[in-house]
Amino acid sequence: MAPSARRTRRGLPLWIFLGALALVPQVGVVGLTTYLVRDQQAEVDSARRAEQAVQAMAQLDAARSGVEQEIVPALAAAVVDDPALAAALNLPPALVAAVAEDMRRGVTESRVGTDETLAALSTDSPGSATAERAEQLLRTHRAGLDARTIAPEDVYFGYIDVSNALAQAQSQAADAASSEEVPAATLRATQDVGLVSEVAQNSARLFPLFLASQLDAGELTAGSRIAGQSSWLAYQDAVRRMTDLSQPELTLGWQAARVDPLMADLDAMLAMQAEGTLPPVPVADMVPLMTQGAQRDVLLNDLVASAVASAEELAKADAERAQEALETTLQFGIGLVVLSALAATVVGLRIGRVLTVLAERAGQLSEGNLVDVEVTGPREVRTVSAALRSTVDSLRRLQDQAAAVARGDLDNHLLDQPLPGALGETVHASVRQLVTSVREREELQVALAHRATHDPLTELPNRAQAVAAVTGALHRAQRSGGTTGLLFVDLDGFKAVNDRHGHACGDIVLRTTATRMLAAVRAGDTVARLGGDEFVVLVEQVEDEHELVQLAERLVDVVSRPVDVDGGAVRIGASIGVAVSRDGGTDADAFFAEADTAAYRAKAHGRGRAEVFDDDLRRQLTARADTEAAIAAGLAGGEMRLHYQPVHDVAREVVTGFEALIRWHRPGVGPVPPDQFIPVAEASSLICEIDRWVLHEATRQLAEWRAGAALGPSEPEPTIAVNISGRHLSEPRVVADVAEALAASGLPAQLLVLEVTETVLISDRTAYDHLAALREMGVGIAIDDFGTGYTSIGQLRHMPVDTLKIDRSFIGSTDPGHRELVSLMIRAAHTFGLTVVAEGVEEPEQLDRLRAEECDHVQGYLLHRPLPADEAGALVGAALTV
């Protein structure tokens, strides 16, 4: 045989390649089909098991319901069969005999239904073992009842044991249904069955206890009342959880059952029983109540049956869908096998024609290259006269002049006529001097009175005069029945003018604004300056509200015009709130508050506009007043608490201090976030009361921690940081408040840090001086939320501060510019001898960057959330890893 022929025959025969070409896809298709069929068969089996579990739930619930329906007749029969109880209840023999017969008949009928339900249970259904145990308990209990060996007070609890066992079996069936891979709707329907069953179960248990508690039967009654309280709470809890029902039809059925007179009346009676307000029920009325109780149970059991039917229907539909999917998968698999066989045949024919293509494709198929591999690769705020002809005449004239002076008639022409002679000149000079002195005094009094009632910068009436004018206008309106308007004018952008151009420029702007407002109002209107950048305009005899709005719009227009200051144009704006009083039906303080609230809304809606106080703002004003009253009551009633957020030393990795943060748990409301009540407090003097309370409580707490902590000589003393409002810092007694808190707690001043905002430092000179005095006492001063205000880094060297707290917005920002700014803040603060605290550290990467920038301290959720006092105190003296 030739060598070439031998080399050729060493290769595999063509039929092997053709067979592989046909077989490989067939195997793949058969394997895929087998996998899909098994998966669908598993789904069918799961759906059928779920359906069986739901059916078991239905049977178990029916059995449990039957057991619970035996309670009332069995308990009643036990009571009337007990001679001592029957005698104690003063029951007539005839009534005892009738009730006994009815109850025995009821027991017999209930037993028949219960036994049939239990007999229908499948031995391999979920919960069957527990159900068998319940059936055994039931037989034992019934035997004791029939033999009358069970005390009446034990009748109820024996049935409850059986009911609990059946409820456990039902729960096992529900768990079995839920454990299967069923759709969410079926799962929720199964859960609905549990919710409704729990209500029905608790209802059925509650009514026998109610009836027993109404009997004067010693231990039976006492035990029933105690158990009834517990059962009532369980029933109420089950009713509350009925809001979790997922099916609208079931929810409507529950709502209808709730308002059904039968259920509503019995629920009301049971509630009165639980509250202790229900009068004793006569024994003669108990039989009708038993009937109503049974009807009530039927109503709830119907609801349970509806829930079970819905769950069964869904489970059955799931099984049918799974079966349909299985059949579809089989059909798809068979078709796929046929199709692949056909394709393999076509390919085989082509391979037979072209041997080269046959070899290439056979190689790809043998390597399993049948699936495409996807390669995927995907940004912010104003001499004596006459002659000496006669001494008498001269004296008379002098008398007339003196009388004129005495009357205060300083403008009388007699005072301008000199007396004759040197004496006359002297006397006239004296009179003139006296007149001049009196006039100067009057002018001074007028000037003082004017100054007391007018603003010295704009010469407009001041706040006190404005209040008096508004009060008078309201009184006149009350008498006349007229309408009074008050416009609260709040200048927009005035603070920026002071900051950029200085206070001298700001004074010019205020005077110009006052002049323009006077020119814009009517002749009888009053323009007053309350202080700062706030003005009011009082308008009397208003025809309609539209007239006030037009005036407000004119004022916005004139105030917004440029003001020429040293050749430059300065612009401001105005937000105006309009308040209207008809018939003077309000007081001045409320009138001012209404106008102020409307102006605040004008600012919030974009500034440079006017807003009228309406019912919505009145509700807001009332709500704010209510909140203020609640805050005051909370401070007095001990509703406020402090939480403490630890401050960590980055280098030493220890807790070196805490920031005190106020928390309020308002009765009837719950926890109130600080951003909801602190702004309200800041709008009044309440913020000062809060500051004083926090100062005393925080210093006391730190002193207590220090007394109980065993700090080593090298361990740092922890500090406590307290936020102080700008309003409190402006008060004269703020220094005394801090000193009193330190003295009361015995805490050294250097362990207290007061946190203030940038705005307080740069805009309020009085607050600035108070901070300097506090710092001289040894108290530390920190600028809080640095970077969010107008303070430049260069101003830090001139401020009475020790610590710079960088705002969390910079720490959490991913903007490279913000990161560089944080680095600059840290370096600048260290240059000026300040320590730096970074707020809001929430991620390890942020802590690593701050450590690299040599930041001194950090605080944030990464390290600790604000903690109650007992948890925070455990950190004092404890070494912690940052």
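Since the structure is predicted, the reported quantities are computational estimates derived from the model, not experimental observations.

Undergrad: What's the story with the overall build of the protein in this structure? I'm lost.
TA: When helices and strands are counted, the protein shows 30 helices and 16 strands. Going through the 882 residues of the protein one by one, you find that 44% of them count as buried. For the protein, the computed accessible surface area is about 45,400 Å², with 54% contributed by carbon and sulfur atoms.

Undergrad: How do you make sense of the pairing of strand β1 (residues 483-492) when you look at a structure like this?
TA: Two faces belong to every sheet, and in a regular strand the side chains alternate between them. The buried fraction of β1 is high, at ten of ten residues. The sheet contact formed by β1 and strand β6 (residues 573-582) spans ten bridges and is antiparallel. Following the sheet pairing, Phe 488 is matched in β6 by Gly 577. Note: β1 against strand β3 (residues 534-539), six bridges, orientation antiparallel. Pairing of Gly 485 across the sheet is with Val 539, part of β3.

Undergrad: Explanation requested: the pairing of strand β15 (residues 835-838) in the structure shown.
TA: With four bridges connecting them, strand β14 (residues 803-806) and β15 associate as parallel partners. Bridged to Lys 805 within β15 is Val 837. Of the strand pairs in this sheet, β15 and strand β16 (residues 857-858) are connected by two bridges, and their pairing is parallel. Looking at β16, one finds that Val 837 is bridged to His 857. Considered for its hand, the β-α-β crossover made up of β15, helix α29 (residues 844-852) and β16 is right-handed.

Undergrad: In this structure, what is going on with unusual backbone geometry? I would like to understand it.
TA: Trans is the common state for peptide bonds, and a negative phi is the common state for residues other than glycine. Here the phi dihedral of Arg 607 falls at roughly 65 degrees; this positive angle occurs in a residue that is not glycine. Residue position: Arg 607 is located in the loop between α19 (588-604) and β7 (610-612). Classification of Arg 607 as partly exposed rests on a relative accessible area of 26%. Positive phi values are uncommon outside glycine, yet Asp 785 reaches one of about 55 degrees. Locating Asp 785 in the fold gives a position in strand β13 (residues 780-786).

Undergrad: I tried to follow the sheet that holds β1 on my own but got confused; where do I start?
TA: Adjacent strands of a sheet form backbone hydrogen bonds with each other and so pair up, either parallel or antiparallel. Read across the open sheet, the five strands follow the order β2-β3-β1-β6-β7; overall the sheet is mixed. What marks the edges here is a single partner per strand, and that holds for β2 (526-531) and β7. The mean inter-strand angle of the sheet, taken between neighbouring strand axes irrespective of direction, is 20 degrees. Contacts from helix α17 (residues 503-520) reach β1, β2 and β3, with the element oriented near 15 degrees to β3. Most of the contacts of helix α18 (residues 545-559) go to β6, to which it runs at about 160 degrees, and overall it touches β1, β3, β6 and β7.

Undergrad: Even after reading the chapter, I still don't get the environment of Ala 469, so can you show me in this structure?
TA: By the element assignment, Ala 469 lies in helix α15 (residues 463-480). Ala 469 gets classed as partly exposed once you look at its relative accessible area, which sits at 21%. The sequence separation of Ala 469 and Ala 528 amounts to 59 residues, and the corresponding C-alpha distance is 9.6 Å. Excluding residues within four positions of it along the chain, Ala 469 makes contact with Arg 476 and Leu 538.

Undergrad: Sorry if this is basic, but what is going on with empty space enclosed by the protein here?
TA: It is the rolling of a water-molecule-sized probe over the atoms that shows where space remains empty. Of the voids in this model, the largest cavity is the one considered here, and its volume is about 50 Å³. Lining the largest cavity, in full, are Arg 64, Ser 65, Glu 68, Gln 69, Ala 200, Ala 204, Asp 297, Leu 300 and Asn 301. For the lining of the largest cavity, the secondary structure elements donating two or more residues are α2 (14-81), α7 (184-213) and α11 (286-353). For the lining of the largest cavity, the element with the highest residue contribution is α2, accounting for four residues. A breakdown of the residues in the lining of the largest cavity according to their chemical character gives three nonpolar, three polar and three charged. Of the volumes computed, that of the second largest cavity is approximately 30 Å³. Lining the second largest cavity we find Ala 466, Ala 469, Val 470, Leu 486, Thr 526, Ala 528, Val 536 and Leu 538. Of all the elements in the fold, those that place two or more residues in the lining of the second largest cavity are α15, β2 and β3. For the lining of the second largest cavity, the element with the highest residue contribution is α15, accounting for three residues.

Undergrad: Explain the pattern of salt bridges here, please?
TA: Two side chains with opposite charge may pair up if their charged atoms get near one another. One pass over the full model with this rule turns up 27 salt bridges. In this structure, the salt-bridge partner of Asp 492 is Lys 603, at a minimum N-O distance of 2.5 Å. Placement of Asp 492 in strand β1 and of Lys 603 in helix α19 is noted, with a sequence separation of 111 residues between them. Judged on exposure class, the residue Asp 492 and its partner Lys 603 are both buried. Here the salt bridges share partners, and the residues they tie into one network are Glu 689, Arg 692, Glu 731, Arg 733 and Asp 737.

Undergrad: Sorry, what's going on with the side chain of Asp 784 here?
TA: With respect to the helices, strands and loops of the structure, Asp 784 is situated in strand β13. Summary of buried charges: Asp 784 has no salt-bridge partner, and the nearest side chain of opposite charge, Lys 805, is 4.5 Å away.

Undergrad: When you look at the nonpolar core in this model, what are you seeing that I'm missing?
TA: Side chains of nonpolar character tend, in soluble globular proteins, to be buried together. Membership of the largest hydrophobic core comes to 76 residues, with the highest contact counts inside it found for Ile 631 and Leu 754. The element contributing the most residues to this core is helix α22 (residues 686-708), with ten residues. Aside from chain neighbours lying at most four places away, what touches Leu 754 is Leu 695, Val 722, Ile 724, Val 738, Leu 774, Val 779, Gly 780, Ile 781 and Ala 782. Met 57, Tyr 235, Leu 245 and Ala 257 belong to the second largest nonpolar core, which has 47 residues in total.

Undergrad: Got a minute to help me understand the side chain of Thr 699 in this structure?
TA: Checked against the element boundaries, Thr 699 lands in helix α22. Classification of Thr 699 by relative accessible area gives buried; the value is 0%. Reaching out from Thr 699, the side chain makes a polar contact with the backbone oxygen of Leu 695 at a distance of 2.7 Å.

Undergrad: For this particular structure, what's the right way to read α19?
TA: Structurally, the α-helix is built with 3.6 residues per turn, so residues lying three or four positions apart point the same way. The end-to-end C-alpha separation of α19 is 24 Å, in line with the 24 Å expected for 17 residues at 1.5 Å each. Listed in full, the buried residues belonging to α19 are Ala 588, Phe 591, Phe 592, Glu 594, Ala 595, Thr 597, Ala 598, Ala 599, Arg 601, Ala 602 and Lys 603. Capping the start of α19, Asp 587 holds a side-chain oxygen 3.3 Å from the backbone nitrogen of Asp 589, two or three residues further along. Phi turns positive, to about 120 degrees, at Gly 606, one or two residues after α19.

Undergrad: Which parts of the structure should I look at to understand the packing of aromatic side chains?
TA: We describe a pair of aromatic rings using the distance from one ring centre to the other and the angle between the two ring planes. Going through the model one piece at a time under the given rule, you end up with three aromatic pairs. Their ring planes at 70 degrees and their centres at 4.9 Å tell us that Tyr 644 and Trp 705 sit as a pair that is edge-to-face. Here Trp 705 lies in helix α22 and Tyr 644 lies in strand β8 (residues 640-649), a separation of 61 residues in the sequence. Residue classification places Tyr 644 among the buried residues on the basis of a relative accessible area of 1%. Overall, the relative accessible area of 8% leaves Trp 705 in the buried class. Between Trp 664 and Phe 677, the ring centres sit 5.3 Å apart and the planes meet at 75 degrees, which makes this aromatic pair edge-to-face. Of this pair, Trp 664 sits in strand β9 (residues 654-666) while Phe 677 sits in helix α21 (residues 674-682), and the two are 13 residues apart along the sequence. Neither residue differs from the other here; Trp 664 and Phe 677 are each classed as buried.

Conventions we followed
Residues numbered from 1 in each chain as written. Predicted model: local features only at pLDDT ≥ 70, side-chain atom pairs only at ≥ 80, totals over all residues. Heavy atoms only, no water. Helix = DSSP H or I, 4+ residues; strand = E, 2+ residues; numbered from the N terminus. Buried < 20%, exposed > 50% of the residue type's maximum accessible area, 1.4 Å probe, protein only. Areas by Shrake-Rupley, 256 points an atom, 1.4 Å probe, with all protein chains shown as cover. Pairing = 2+ DSSP bridges. Right-handed = clockwise from strand over helix to strand, strands pointing away. Axes fitted to C-alpha atoms, helices over the stretch in contact; angles between N-to-C directions. Contact = heavy atoms within 4.5 Å. 1 Å grid on protein atoms, 1.4 Å probe; cavity = no way out; pocket = protein on both sides within 12 Å on 5 of 7 lines; lining within 4 Å. Points joined across faces, edges and corners; volume = space filled by probe spheres on them. Nonpolar A, V, L, I, M, F, W, Y, C, P; charged D, E, K, R; others polar. Salt bridge = Lys/Arg side-chain N within 4 Å of Asp/Glu carboxyl O. Lys, Arg positive; Asp, Glu negative; His and termini not counted. Core = buried A, V, L, I, M, F, W, Y, C linked by side-chain atoms within 4.5 Å. Polar contact = N/O pair within 3.5 Å; in protein donor to acceptor, adjacent residues only side chain to side chain. Expected span 1.5 Å × (residues − 1). Phe/Tyr/Trp six-rings, centres within 6.5 Å; stacked < 30°, edge-to-face > 60°.

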